[in-house]
Amino acid sequence: MRVAFLGLGIMGQAMATNLVKAGHEVTVWNRTPGKLVDGAGVAPTPAAAAQGAEVVWMCVSDTDAVQEVIFGREGVEASLSEGTIIADSSTISPSATLKFAERVAAKGVAWVDAPMTGSKIGARDGTLVFIVGGPEDKVERLKPLFAAMGKKIFRMGETSKGQATKLAMNLQIAMIFEGFAEALTLATKLGVDSQQLISLIEATMVRSGVVEYKAPFVLQRDFTPNFPLRLMHKDIRLTLEAAKEARVKLPGLETVEEIYAMATEDGHKDLDYAATLTLLEKWAGVQVKGKAA
Ligand code: NAP
């Protein structure tokens, strides 16, 4: 298929590469010039990339970035023609997604929201899990592209339901990790060995995919970003906004948001979100894996 791929960050670069490897005709664009994908054409603007494309796929930071790329001065909107599909793998606001979709629908263009989970390793290996909202026939047409970049897709309903579900997923990741980090901090302060605590977690119903994935990084104190704290913080804020719009109260997540804000003030925004642990350690006067204080 002829695909315009917009946004070559941690995720987008690897996703576009996998589209090229699967034999699709890809043209890429990135806001900061100089990022390339082997075997893909490069366009100077989003509008130029989208010219003649059957599918415009995006993976940019946030809601404002999506708005800019589609409706900005050199945005995709000018190049849209009837039948084009816009697929958005950025994690953004569900209500903004609906507004964007309504605006392009006037041109006969469908919007499929396709946020994903799987982190940079999943993007590199083509094993992402896509969480999708959009018309069934359009999602069906995108299946060869999903297959090139991921291992599974879950269609959660019509447009915006992918974003809504993604927020509900990241809410859990943020809170499960927070629980793990608080448990490690308390146990360390009380003199319990972290590795033994983790072995116990893994042998009981407390175990989770989040802990399994994060524990080795935490024990090695490797906070290089797999999923940067700034992006998890963005997702937490999006979730709280969506909850407010829907008049849903999320008291646990509100508290976790404050921790992310303080970790950002401490200069950790570009580290992995696991670095929120260091804030708890600072308050408790301990370091996990070290001896109890
Ligand atoms: P990233 O490495 O920070 O890349 C962000 C991309 O967005 C870059 O290409 C950046 O362009 C572009 N961008 C930012 N603001 C823009 C604007 N105003 N106009 C146009 N382009 C703009 O982020 P990422 O990790 O690839 O994540 C991308 C999306 O996927 C985010 O919504 C994130 O929440 C989601 N996601 C990420 C992961 C993960 O593990 N990393 C997992 C699941 C979902 P420049 O190069 O010019 O800065």
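Here the structure is a predicted model, which is why all the values come from computation and not from measurement. (Residues numbered from 1 in each chain as written. Predicted model: local features only at pLDDT ≥ 70, side-chain atom pairs only at ≥ 80, totals over all residues. Heavy atoms only, no water.)

S.K.: Describe the overall build of the protein, naming the residues involved and giving the relevant values.
M.R.: Per the secondary structure count, the protein includes 13 helices and nine strands. Taken over the C-alpha atoms alone, the protein extends approximately 65 × 45 × 35 Å along its principal axes. Within the protein, buried positions represent 50% of all 293 residues. For the protein, the share of sequence-separated contacts (at least 6 apart) that also reach a separation of at least 24 residues comes to 66%. Carbon and sulfur atoms make up 55% of the accessible area of the protein, which amounts to about 13800 Å² in all. Across the protein, the mean location of the 32 positive side-chain charges is 2 Å away from that of the 34 negative side-chain charges. (Helix = DSSP H or I, 4+ residues; strand = E, 2+ residues; numbered from the N terminus. Buried < 20%, exposed > 50% of the residue type's maximum accessible area, 1.4 Å probe, protein only. Contact = heavy atoms within 4.5 Å. Areas by Shrake-Rupley, 256 points an atom, 1.4 Å probe, with all protein chains shown as cover. Lys, Arg positive; Asp, Glu negative; His and termini not counted. Charge placed at Lys NZ, Arg CZ, Asp CG, Glu CD.)

S.K.: For the packing of helix α3 (residues 63–71) against helix α4 (residues 94–105), give the residues involved together with the corresponding values.
M.R.: Look at α3 against α4: their axes get within 11 Å of each other, and the N-to-C directions meet at 10°. As summarised for this structure, α3 and α4 are arranged roughly parallel, according to the angle between their axes. Of the residues in α4, those in contact with T63, V66, Q67, I70 and F71 of α3 are A96, F100, R103 and V104. (Axes fitted to C-alpha atoms, helices over the stretch in contact; angles between N-to-C directions. Parallel < 35°, antiparallel > 145°, perpendicular 65-115°, else oblique.)

S.K.: Help me get a handle on the site of the ligand, residues and values and all.
M.R.: Near the ligand you find 27 residues, and of these I10, N30, T32, S61 and K234 are the closest. Take N30: an N or O atom from its side chain is 2.7 Å from an oxygen atom of the ligand. Between an oxygen atom of the ligand and a main-chain N or O atom of S61, the distance comes to 2.8 Å. Protein contacts shield 89% of the accessible area of the ligand, which totals 910 Å² for the unbound molecule. At three residues, the largest contribution of residues to the shell around the ligand is made by helix α11 (residues 229–245). The class makeup of the residues in the shell around the ligand is eleven nonpolar, ten polar and six charged. (Near = heavy atom within 4 Å. Polar contact = N/O pair within 3.5 Å; in protein donor to acceptor, adjacent residues only side chain to side chain. Nonpolar A, V, L, I, M, F, W, Y, C, P; charged D, E, K, R; others polar.)

S.K.: Quick rundown of α11? Include the residues and the values.
M.R.: Over its 17 residues, α11 runs 24 Å from end to end, which matches the ideal 24 Å to within 8%, given 1.5 Å per residue. Taken residue by residue, α11 has L229, M232, H233, K234, D235, I236, L238, T239 and A243 as its buried positions. Among the structural elements, α3, α8 (161–189), α12 (251–265) and α13 (276–284) are those in contact with the buried residues of α11. Immediately beyond the C-terminal end of α11, within one or two residues, lies R247, with a positive phi of roughly 55°. (Expected span 1.5 Å × (residues − 1).)

S.K.: Break down the pairing of strand β5 (residues 85–88) for me, citing the residues and quoting the values.
M.R.: The alternating pattern of β5 places I85 and A87 and I86 and D88 on opposite faces, both of which are buried. Alignment of strand β4 (residues 55–58) against β5, held across four bridges, turns out to be parallel. Pairing of W57 across the sheet is with A87, part of β5. Since β4 and β5 lie parallel, the crossover through α3 that links them has a hand, and here it is right-handed. Where β5 lies against strand β6 (residues 110–113), four bridges are found, and the strand directions are parallel. Looking at β6, one finds that I85 is bridged to A110. The parallel pair β5 and β6, bridged by α4, forms a crossover whose chirality is right-handed. (Pairing = 2+ DSSP bridges. Right-handed = clockwise from strand over helix to strand, strands pointing away.)

S.K.: Go over the packing of aromatic side chains, please, and point to the residues and values.
M.R.: Applying the stated criterion across every chain yields a total of nine aromatic pairs. Geometrically, the ring pair formed by F177 and F180 is edge-to-face, given 6.1 Å between the ring centres and 75° between the ring planes. In this pair, F177 and F180 are both assigned in helix α8, three residues apart and thus about one turn of the helix distant. Each member of the pair, F177 as well as F180, carries the same accessibility label: buried. Ring pairing ties together the aromatic residues F177, F180, F227 and Y273, which thus form one cluster. Here K214 stacks its cationic end above the ring of F217, 5.8 Å away from the centre of that ring. (Phe/Tyr/Trp six-rings, centres within 6.5 Å; stacked < 30°, edge-to-face > 60°. Lys NZ or Arg CZ within 6 Å of the ring centre and 35° of its normal.)

Limitation: the analysis is restricted to geometry and does not speak to function.
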